[in-house]
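Close look at the chain arrangement
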Amino acid sequence: MRFLPVFLDTSSGVIALVGGGEAALGKLRLLRAAGAHVRWFSASADVAEEILKLTGSGRLEISIGDPLKADWSDVVAVVAAPRDGRDAKITEKIAERARRQHIPVNIVDRPDLSTFIFPAIVDRGEVVVAIGTGGASPVLARRLRELIEAVLPARIGDLAALIGRHRSRFAAVPRALSPRRFWQNVIAGPIADAVLAGHSTQAERQLVAAIDASKSAGGGDQSETVFLVGAGPGDPDLLTLRALHALADADVVFYDELVTEGVLDRARRGAERIFVGKRRGERGIGQDEINRRLVEAARAGRRVVRLKGGDPFVFGRGGEELDHLRRAGVPAVVVPGITAALGCAAEQGLPLTFRNEATKLVLITASHAADSNEIDWSGVADSQTTVVVYMGLAAAAAVRDGLIAAGRDGATPAAVLARGTRPDAQAAVGRLDALDRLAADVGEGPAILVIGEVVARSVPWQAADLEALLTQEAA
């Protein structure tokens, strides 16, 4: 590492900018955005026109003097942007003068003459991320910036500003809870969640209350947070950013049968993994026991992630767990996930709604074969309704019979999507009256059943149509 990343206080003095053209203007925009006092030495005829386009709070001086003879006594950094060979010779002398006077200097695209360089910057207000490649590849630095911008929450700077406003308030109160743990709870808990969701006033109230509570209770009886996280249908790349953040901070992860190993691998390496799922045909852990374990872990001061396949609030019993945690006084945050209906259908190019063709979408669960006989199928017999049945693999025959008895045409397109978004995903398509055979074709679950005209628009259906056409032509 040749260049040490540092942050310059732009209010500490003048930044001398030498040169013209787009390179100089780019540096000028950046410096003014940082509030710098810039003294610009430029011979450009377009200076006046370009200045009108600039924004920023920093002071700007235009100098017509010779930068090699100018007074640099108040200059804290020099930036030079040569446009051609003649400018290059001048900037070499500028670099030499700056070094002689021990002033940091940057010559654009000349790291060999520079004592500092401009990194690619991700600006989130109070949070700034700088990416450098030692001047070797600015294009790579910009690409890395794009990747970080995609991951870093847009309001992370608001969170930093909120913490900055209240650090002295927290430091002024006696407490048993360590500052590190207190602020960790803020950064990875409901307060940060509220800020990142845009509820800054609510977050401020919560932070003030948390500081006051740490003073009165000494922090000894406070529970850690439980995150109810949707793991999506299986592909770890479909995890939300908020889910990744929660997993990265977890002390313990309670997960169910539908969570894949790839998703679990995104959890913090030192986090304990506890399986609390229910496998078909086997006696699983009851919901009451799961609730008890979540509360117990949180009260022991462990940051808890309850990881559920799909979305925790879509047939995942997340609502029951949230209700229990609230009644137990344990902080809880819900992190939604991509539910199976959306993820698995999207993978197969199957639109669940379609204008003038499928105007209603209904999600049903049939986790036990007997349950399907108790469903009122008459409400989903309309041909413009797409029906998605969760946990219905073993109940495919009963689902078929119920829908047909309610008036749904047996020729309605149907699909069974098994292990969606996973490497071993499989889809079987056909008619509703053959739904049980389709279910048998895909093997073991997890799987969803999709019934509706939109199935005919899916990739597997169109591929089957093409195969049938080719078979007919060959005959």
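The structure contained in this document is the topic of the report that follows. (Residues numbered from 1 in each chain as written. Predicted model: local features only at pLDDT ≥ 70, side-chain atom pairs only at ≥ 80, totals over all residues. Heavy atoms only, no water.)

What follows concerns the layout of surface pockets. In this approach the atoms are scanned with a rolling probe the size of a water molecule, which exposes any empty space left behind. The space that makes up the second largest pocket amounts to roughly 1,000 Å³. Residue assignment for the lining of the second largest pocket shows that the elements contributing at least two residues are helix 1 (21–33), strand 4 (75–81), strand 6 (120–124) and strand 7 (127–131). Residues that form the lining of the second largest pocket fall into these classes: 23 nonpolar, six polar and one charged. (1 Å grid on protein atoms, 1.4 Å probe; cavity = no way out; pocket = protein on both sides within 12 Å on 5 of 7 lines; lining within 4 Å. Points joined across faces, edges and corners; volume = space filled by probe spheres on them. Helix = DSSP H or I, 4+ residues; strand = E, 2+ residues; numbered from the N terminus. Nonpolar A, V, L, I, M, F, W, Y, C, P; charged D, E, K, R; others polar.)

Let us look at the nonpolar core. Of all hydrophobic cores here, the largest spans 23 residues; its most connected members are V389, V399, L403, V416, L435, L449 and I451. Residue contributions to this core peak at four residues, all from helix 15 (residues 435–442). Discounting chain neighbours no more than four positions away, the residues touching L435 are A396, V399, R400, A414, V416, L449 and I451. Listed in part, the 19 residues of the second largest apolar core include A231, A267, L307 and V333. (Core = buried A, V, L, I, M, F, W, Y, C linked by side-chain atoms within 4.5 Å. Buried < 20%, exposed > 50% of the residue type's maximum accessible area, 1.4 Å probe, protein only. Contact = heavy atoms within 4.5 Å.)

The next point concerns the packing of helix 14 (residues 396–405) against helix 15. For any two helices packed against each other, one specifies the crossing angle of their axes together with the interaxial distance. Packing of helix 14 against helix 15 leaves a shortest axis separation of 8 Å and a crossing angle of 155°. When the interaxial angle is binned, helix 14 and helix 15 end up roughly antiparallel. Judged by the sense of rotation from one axis to the other, the crossing of helix 14 with helix 15 is right-handed. Facing A396, A397, V399 and R400 of helix 14, the residues of helix 15 in contact are L435, D436 and A439. Tallied by class, the residues present in the contact of helix 14 with helix 15 amount to five nonpolar, no polar and two charged. (Axes fitted to C-alpha atoms, helices over the stretch in contact; angles between N-to-C directions. Parallel < 35°, antiparallel > 145°, perpendicular 65-115°, else oblique. Left-handed = near helix turned anticlockwise from the far one by under 90°.)

What follows concerns the packing of aromatic side chains. Inspection of every chain in the model, using the stated rule, returns six aromatic pairs. Ring centres of F170 and W183 lie 5.5 Å apart, and the angle between their planes is 65°; on these two criteria the pair is classed as edge-to-face. Of this pair, F170 sits in helix 5 (residues 156–171) while W183 is found in helix 6 (residues 179–187), placing the two residues 13 residues apart along the sequence. When the ring of F315 is compared with that of Y390, the centres are 5.0 Å apart and the planes differ by 65°; the resulting orientation is edge-to-face. One end of the pair, F315, is in the loop between strand 11 (304–308) and helix 12 (318–327); the other, Y390, is in strand 14 (residues 385–390), with 75 residues separating them in the sequence. On the basis of relative accessibility, which here comes to 36%, the residue F315 falls in the partly exposed class. Residue Y390 is classed as buried on the basis of its relative accessible area, which comes to 6%. Every member of this aromatic cluster is reached through a ring pair, and the members are F170, F182 and W183. In this structure, K27 is placed above the aromatic ring of F118, and the distance from its NZ or CZ to the ring centre is 4.9 Å. Taking NZ or CZ as reference, R457 lies 3.7 Å from the ring centre of F354, over its face. (Phe/Tyr/Trp six-rings, centres within 6.5 Å; stacked < 30°, edge-to-face > 60°. Lys NZ or Arg CZ within 6 Å of the ring centre and 35° of its normal.)

Residues F315, L361, L363 and M391 make up a contiguous nonpolar surface patch of roughly 310 Å² in combined accessible area. Relative to the assigned elements, L361 resides in strand 13 (residues 360–365). Judged by relative accessible area, which is 34%, L361 ranks as partly exposed. (Patch = residues over 30% accessible without salt bridge, like charges linked within 9 Å, V, L, I, M, F, W, Y side chains within 5 Å. Areas by Shrake-Rupley, 256 points an atom, 1.4 Å probe, with all protein chains shown as cover. Salt bridge = Lys/Arg side-chain N within 4 Å of Asp/Glu carboxyl O.)

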